Amino acid sequence: MDDSTRTEGGGECDYEEASCESTHFVEQAEVLRRLEVLAGPTPPESITGELEWLQKVLDKYQEQSTLLDPALETMLVLTMGRARVIIMEWHSQHQPHQQRRSSSSSCSSSCCTSSPLSFRFQVFDQPQLHGLFAFVYTLCRLRGYKTIVKFFPHEATDLEPVLHALQSQDRQHHERWQTRYGLLLWLSMLVLVPFDICSIDSGLENNGVTLVGALCDLAVEYLRDAGPTREAAAVCLAGLLKRPDMEAQQLAKFLTWAEGILTSSGEEGEDSEEGGERRAGGGAGGAGGAGGAEGRSHQSDTFLLLGVLQTLAVLLKAGHRQNLLSFLPSLLHCLARLDPRDFGSQTLNRKLKMKLLQRIGLAYLPPRVAAWRYQRGHRSLLDNLKKAKGEEGGEGGGAVATVQEQEKENEEEEGEISEDLEEIVEEILGGLRDRDTIVRWSAAKGIGRITSRLPLDYADEVVASVLMGFAEGASDSAWHGGCLALAELARRGLLLPGRLGEVVPVVAKGLQYDVRRGHTSVGAHVRDAACYVCWAFARAYSPLVMREHVPRLAEGMLMTSLFDREINCRRAASAAFQENVGRQGHENFPHGIDILTVADYFTLGNRQVAFLEVAPAVARFGPYTRVAIDHLAGVKLRHWDCSVRKLTSVALGKLVRLAPAYMSEEVLPFLLQEVDAVDLHRRHGALLGMAEVVLGLAALPFLGLGGEVGRGVVEVVPRLEQARLYRGRGGEYVRGAACRLIECVALAPVTLGVKRQLRLLDSIDENLRHPVEQVQERAVAAVRAFTRSYFGGGGGDGGGERGRGGVERPPSTPSARLQARVVDKYLGLVEKGDNVAVTRGFVRALGVLPARLLLPSLDSILGLLDELSREERKVGDEPDAETRRNALWTLVEITQTLGVQGRRKEGRKGWMNREQVQRVLGILLRSLGDYAMDKRGDIGSWVRMAALQGLASVVRVVREEGREGRREDGKIYIGERVVTAYGEGIVREVRCEGEVCMVQFEEGQAGFSFFPYGPGLGLLSRPTCQPLGKKERGTKEEGNERTGAADSMIIGNEDGENVGEAAGAAAFSSLLIDHVLMTKIISAVLKQLCEKLDAVRECAGNALLQLLPLAHDAAAYPLLVSLFDNKNNSSTTSSNCYIIQRKQENEKKTFRGGAPSEIFPRVVRVLEIEQYHREVLAGMVVSIGGLTESVVKASLGAVVEWAQQQRQKVEEGTDEGKGGVNLVGKLGVSMLELFDANVGEDRVVWPLLRSVDLFYQKGVFAAEEVRERGDDGGAEGVGNVGGKEGEREEPMGLAWGLVDRLSRELNGCRDFKKMLACLNVALHLLSPLSFYPHQESVHSGAAALRLVLLLLGHRFPRVRKAAAEQLYTKFLLQDHLLASRPEAQEKVLELLTNTNWDGEDLRQVRGVRDLMCGLLVLAVPGGKGKEEGGEEDGGRGKGGTGGEDLASYAALVKEMGY
């Protein structure tokens, strides 16, 4: 079992991880190439860049690090080889200097008291060396230092240079810690030289500091580090001290010093000098350790304690047992005295303590594995699958054959078990209950290791103690630790078969362990560990031993793998079950292979698939049917998670067909009792389960819901209401489940009396009033099923009734009492509109009523929904977006229920006529303009998305419903002759998965001159193209060329029946929705496709893809198909083999509407179409001027690229078919029209201003180009907006139009953001001044400059300051604006620089502004004119005075946040 199945927690995953796994080191060649560059003689210019790339690549193998193993040696030879060269070159250059300093320090007393600073080298900082060791650390992080260190160079001559390099490191340079880590790790390998280490110590020759002393002192200092260097130092120091020539003196001194560190940490208030005396003679860093400890902070002492514990742990694992025995009691005593309040609060401390305790315990015991352990024998899977009983018996019988003899031989050597060992075992058993997983895991491994060396009697006591940890009331930590311990004992053969009878029930409980804690539960880690135990059992015991225990474990593993909430538990159980099937054989696990085929590791990753698909497939095997049903009904229906209870109920309904009698006789009565439970979760789950079981039983023939159980089910809802079980926290869950029960009773359907029907209908109505939307949705579903089953007049779908021969007839008229009880009541409650929840719920209920109830009041219902869908309609005291959204949903559902006239035989009453259909479409189109806002944001988007979905649904109903003579699996071939509403023609192309046909009409047919796409070519939807039957084909002209597929089956009735009727129906659908209305619908959808909200664009994209196959008569249909359905519009010239299949619902999407980078480059092309231009531009400017960076970037980039292409077409003269119209100029005209259409609508005006600003910045609107093209289409379009044409010398272009709109928007404006946007646009319009009087009435640039100067005198300081700064920058960057009068330019710049524009003296600021107007020969704003009172003073009324404005100055400043 891999580690991923033993982790705690874990979330839901809906994808297969296999798709993300690699099979080999893909980038090996590139990594080695870059590593050669990094480790080359000449390092790369950017070592950091190369290192970051290498780390990024290797990090992808974090979960599959073993894939790096084939390349590890090559990578480390390159890396460490170059590191060795760098260190040796540095050491050879500094060796004479080192020797002189070593000889001068001969006064040092001994190696035991030497300081780590005895070698006073210069700091050694080599960037390439650091990069190499940083790469080495990356490998250590991925594969572990134990694997990496094996490939390090280990020549004896490298020991001193590497030590000197480590001594020369600057420990204060924190960015170089990887270098120190790599050097310490390298030293841990070099100290293992196979001869006396003193023989290579050059310090002895000069009577200086010894190599061993310096290494010990340095390693002890690094034990205080807070990072990975502490672990490397511990490994290095332990590797040195475990040498045989070090154990005599250095090992004892270090252990004595370590005991002092542990003792000082365990005694509060102990004098530091006393601790120093204890460490005074402790060589191997005694002086260094003591001296360093005296001045360290508490945090440093904490890290030192961790370092000492890590060193001891490594030392006790690799050291010689005989040399350590004398120190074990004192070490154990020191560990026992550690303060739990400080030491025990750190998880790593407790883990290291567990590790030390178990290794001390192992040192007490002889290094011999107990002979009494259980040995399975054969481990081959092939052997386990053999059926021979003799082989099975031999495998199981020889397991403990020689236990008694071997125990007798070892009795003389065992002796008494030390009391210290008993304390150790007790401490480790306590560690199984620790709050942290890593501590429990370490304790479990310790239990297994120590037990493997104990005699049988003592080991059995340990096993009994572990089992006692599962006592009643034990914590989840105790259960988890106990399961881990059982798994370790089983893996090592220490859990003898005689104990399995006690252990298996515990493991089975662990597989279902789930304890409620408030609104959640704990137990996922326990169930995961129990799966680990099952996995260990499969590998440890023979099939014969496990045979009697397999059924219980198999049921537990299967139920966990199928129905557990957590993905890691389901997968762990699946892996355990797979291991058991493979190793225990098919006799122990019947149907095991079949189950594994269905319930594999990856399929169970999706919770919904596991419950609803895998579970029924597994439950069909007899041994597990009732087990699954009982588990779902008795356990999962009580689960704390509501989503799990819902899935459980649906899964239970799917299992009804496997055991219907058991469900009706056992499960339903049990659930009826659970309904009265006090616990909310049990009550809710029982209601849901009962509903699905009732529905499942109704689907089976000859089975019904009758007798006492049936009456009990019908009485459940009234009984709940009488007991008032809806009240209290969580009552909405019970209400929703009760509605689902009523819905399933109606769908069954269960026979009910009139009184019982009205009683349940009252219950549904009560839930329709509930303010929780989920309860209302369940109540609406109940209304749909209930009214159509009991009030629908026999039409199961709510439509007309069926007469003889299956002919549908109009539904019967309901009684006046029924109409008043349902429809009139609902209409009255909705019209009253005083309660938001009531209005929302009953509006939705109107939409799900059957046709029989809708027809008499259809006009009233449509009128009410029309009123409710208006943005200004209030519900209660304010408008309600949810009500408007629900009204649209209801409109669509009514249309789908009633259908439309014209496609069926006439005389049918109740179907919606043309006026009603167009009224519905008008409401939906109007709702696309709902942009209401509140504190929740753009709540109007809910209404717009509902309208988009509704448009697609209604158009589909009108143009697809009632296709007579059409085969769902029909095919069509290119070259077939078809009849349409425009005459007969031949199919030349097919698009949109066969939903659209390009038909060529012959001369004389109506389609020859009707369609402008080519010579007699028209794009029609597939339903309107009916192939001619065989009989009719035989009477046609023989000279028409036909393809080889002419005699193959085609769409529609093979004999050509009802072709005229189908063509007439197609023509009538075009009358219901003509080409003008369809173009309007597509235009509105395209506008929403350009919106700034991702959700709205996604919805609009889906709607457009649904509409395209039906919108054959929309404007520019071929372009729309090529842009938005280009995945499916390919055609071929080979008519003999081109076959079009029926379009599938799950393959509609060809692009992601929510992705800005995908949608805007497509939509911008539609700007070329006159019918869609304005709507698309209206949506685009909102996105371009929005705040979402990704949307702004994609939309603006698309427009800029499109404008460049259009300009290039005009310049090259290739813009055919546009009549020479400048589309970029037309874009400007349309933006001016948007200004006029949205006066005072800041939602549009501000993004529009920002869009104009960005267009000028990106060169879409070039000022020079606009003025030069005064005679183009853009200029002509705005000639009537600025005034009389004779007043201005230059043509009326975009610039003048923008100046006029800016003046209007600035008049009375108080929004700083909007004024700043106007300022930015006005600055783009500036042009060189002529300095003639009244130039602002002649030149747009002068008029724009005057607008900027007016802002310089605005009463808001922030506006004045922003205008001055940007105007100054503009004059500096574009000095040609005032080039005709340099003296005026110099004076204006001086005034802009020296004036305090945000000062409090408004009169002084306006005086400076007026002076600038005089210098620039612009009209000065007059105090008596409209300018002074309107534009500049913010729209003061006639009675307003300047004093009032100045009096409110402080309030305005505060309001604007200045």
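This is a predicted model, so every value here is computed, not measured.

Draft legend 1. Region of the structure containing the overall build of the protein chain. Helices and strands together make up the secondary structure of the protein chain, namely 68 helices and 13 strands. Relative to its 1458 residues, the protein chain shows a buried fraction of 56%. For the protein chain, the exposed surface amounts to about 62,900 Å²; the carbon and sulfur share of it is 49%.

Draft legend 2. Representation of the pattern of salt bridges. Considering all chains together, one arrives at 65 salt bridges under this definition. The closest approach of N and O atoms between R34 and E50, which form a salt bridge, is 3.6 Å. With R34 in helix α1 (residues 28-38) and E50 in helix α2 (residues 47-59), this residue pair connects regions lying 16 residues apart in the sequence. As a salt-bridge pair, D69 and R143 come within 2.7 Å of each other at their nearest N and O atoms. Pair noted here: D69 is in helix α3 (residues 69-104) and R143 is in helix α4 (residues 127-143), with a separation of 74 residues, a long-range link.

Draft legend 3. Quick peek at the packing of helix α15 (residues 328-336) against helix α16 (residues 347-364). For the pair α15 and α16, the least separation of the axes is 11 Å and the interaxial angle reads 155°. One element, α15, and the other, α16, form an angle in the roughly antiparallel class. Of the two elements, α15 crosses α16, and the hand of that crossing is left-handed. Contacts from L328, P329, L331, L332 and L335 of α15 reach α16 at K353, L356, L357, I360, A363 and Y364. A per-class count over the contact of α15 with α16 returns 10 nonpolar, no polar and one charged.

Draft legend 4. Geometry of the side chain of D564. Tracing the chain through its elements places D564 in the loop between α27 (550-563) and α28 (567-584). According to the relative accessible area criterion, D564 is buried, its value standing at 3%. Discounting chain neighbours no more than four positions away, the residues touching D564 are R527, M559, C569, R570, F611 and K636.

Draft legend 5. Looking closely at the layout of surface pockets. Counted as a void, the largest pocket has a volume near 1,100 Å³. If one sorts the elements of the lining of the largest pocket by residue count, α16 sits on top with eight residues.

Draft legend 6. Representation of a negative patch on the surface. Residues E419, E422, E423, E426, D457 and E461 make up a contiguous surface patch of negative charge. Every element with two or more residues in the negative patch is listed here: α20 (419-431) and α22 (456-468). Element by element, the count of residues in the negative patch is highest for α20, at four residues. Looking at the secondary structure, you find E426 in helix α20.

Draft legend 7. Structural detail: the packing of aromatic side chains. As enumerated under the stated definition, the model contains 19 aromatic pairs in all. Aromatic side chains F470 and W479 sit 5.0 Å apart centroid to centroid with 75° between the ring planes, which places their arrangement in the edge-to-face category. Given a relative accessible area of 9%, F470 falls into the buried group. Relative to F1261, the ring of Y1256 lies with its centre 5.8 Å away and its plane at 70°, an arrangement referred to as edge-to-face. Take Y1256 and F1261: they sit in the same class, and that class is buried. Three or more aromatic residues joined by ring pairs form one cluster here, namely Y137, W177 and Y181. Lying across the ring of Y931, R1243 places its NZ or CZ 3.7 Å from the centre. Above the face of the F1312 ring, R1358 is positioned so that its terminal group lies 4.1 Å from the ring centre.

Draft legend 8. Structural detail: the confidence of the model for the protein chain. Summarising the model, the protein chain shows a mean pLDDT of 79, and 76% of its residues fall at 70 or more. Throughout residues 1029-1063 the model reports pLDDT below 50, and contacts reaching past four residues in sequence, or to other chains, amount to 52 contacts. Taken together, the stretch residues 1263-1291 has pLDDT below 50 and engages in 46 contacts with residues farther than four places along the chain or on a different chain.

Draft legend 9. Region of interest: unusual backbone geometry. Here the amide bond leading from A748 into P749 is cis, since omega sits at -20°, within 30 degrees of zero. Locating P749 in the fold gives a position in the loop between α37 (731-747) and α38 (754-768). Even without a glycine there, the phi angle at H591 is positive, about 60°. Looking at the secondary structure, you find H591 in the loop between α28 and α29 (592-598). In this structure H591 comes out as partly exposed when scored by relative accessible area, which is 35%. One non-glycine residue, V1417, lies in the positive phi region at around 60°. Its place among the elements puts V1417 in the loop between α65 (1402-1415) and α66 (1426-1432).

Draft legend 10. Representation of the environment of Q1385. The topology assignment puts Q1385 in helix α64 (residues 1382-1394). On the basis of relative accessible area, Q1385 is assigned to the buried category, the value being 15%. Sequence spacing of Q1385 and M1412 is 27 residues, and the spatial spacing of their C-alpha atoms is 9.9 Å. When neighbours within four sequence positions are excluded, Q1385 is seen to be in contact with F1371, D1375 and L1378.

Draft legend 11. Representation of the sheet that holds strand β12 (residues 1026-1027) within the structure. Overall, antiparallel pairing links the five strands, which are arranged β11-β10-β9-β8-β12 in an open sheet. Both outer strands of the open sheet, β11 (1017-1021) and β12, are each paired with one neighbouring strand and no more. Sheet topology places strand β9 (residues 983-991) next to strand β10 (residues 996-1001); six bridges connect them, and they run antiparallel. Across the sheet, V990 pairs through a bridge with C997, a residue of β10.

Draft legend 12. Layout of the pairing of strand β8 (residues 977-980). Alternating positions in β8 separate into two faces, R977 and V979 on one and V978 and T980 on the other, with burial throughout. The pairing of β8 with β9 spans four bridges and is classified as antiparallel. When the sheet's bridge partners are listed, R977 is paired in β9 with I986. Looking at chain direction, β8 and β12 are connected through two bridges and run antiparallel. If you follow V979 over to β12, its bridge partner there is Q1026.

Draft legend 13. Inspection of the environment of D158 at higher detail. Note on placement: D158 falls in the loop between α5 (145-148) and α6 (159-167). Residues D158 and I87, spaced 71 residues apart in sequence, show a C-alpha to C-alpha distance of 8.9 Å. Residues contacting D158, with those up to four places away along its chain left out, are R84, M88, P153, W186 and L190. Polar side-chain contacts of D158 include one of 2.8 Å to the side chain of R84.

Draft legend 14. Highlighting the state of the cysteines. Summed over all chains, the structure comprises zero disulfides. Take C483: it sits in no disulfide, and the sulfur closest to it among the cysteines is that of C534, at 8.9 Å.

Draft legend 15. Representation of α6. Counting buried positions over the nine residues of α6 gives nine, a clear majority of the element. Every buried residue belonging to α6 is among L159, E160, P161, V162, L163, H164, A165, L166 and Q167, and all of these are buried.

Draft legend 16. The arrangement of the nonpolar core in detail. Counting residues in hydrophobic clusters, the biggest one holds 425 residues, and the most contacted among them are F537, F1124 and L1367. If one sorts the elements of this core by residue count, helix α25 (residues 524-540) sits on top with 11 residues. Counting nine residues, the second-largest nonpolar core is a separate cluster that includes Y982, V999, F1001 and C1025.

Here is what the cut-offs are and how they apply
- Residues numbered from 1 in each chain as written.
- Predicted model: local features only at pLDDT ≥ 70, side-chain atom pairs only at ≥ 80, totals over all residues.
- Heavy atoms only, no water.
- Helix = DSSP H or I, 4+ residues; strand = E, 2+ residues; numbered from the N terminus.
- Buried < 20%, exposed > 50% of the residue type's maximum accessible area, 1.4 Å probe, protein only.
- Areas by Shrake-Rupley, 256 points an atom, 1.4 Å probe, with all protein chains shown as cover.
- Salt bridge = Lys/Arg side-chain N within 4 Å of Asp/Glu carboxyl O.
- Axes fitted to C-alpha atoms, helices over the stretch in contact; angles between N-to-C directions.
- Parallel < 35°, antiparallel > 145°, perpendicular 65-115°, else oblique.
- Left-handed = near helix turned anticlockwise from the far one by under 90°.
- Contact = heavy atoms within 4.5 Å.
- Nonpolar A, V, L, I, M, F, W, Y, C, P; charged D, E, K, R; others polar.
- 1 Å grid on protein atoms, 1.4 Å probe; cavity = no way out; pocket = protein on both sides within 12 Å on 5 of 7 lines; lining within 4 Å.
- Points joined across faces, edges and corners; volume = space filled by probe spheres on them.
- Patch = residues over 30% accessible without salt bridge, like charges linked within 9 Å, V, L, I, M, F, W, Y side chains within 5 Å.
- Lys, Arg positive; Asp, Glu negative; His and termini not counted.
- Charge placed at Lys NZ, Arg CZ, Asp CG, Glu CD.
- Phe/Tyr/Trp six-rings, centres within 6.5 Å; stacked < 30°, edge-to-face > 60°.
- Lys NZ or Arg CZ within 6 Å of the ring centre and 35° of its normal.
- pLDDT = per-residue confidence, 0-100.
- Pairing = 2+ DSSP bridges.
- Polar contact = N/O pair within 3.5 Å; in protein donor to acceptor, adjacent residues only side chain to side chain.
- Disulfide = S-S within 2.5 Å.
- Core = buried A, V, L, I, M, F, W, Y, C linked by side-chain atoms within 4.5 Å.

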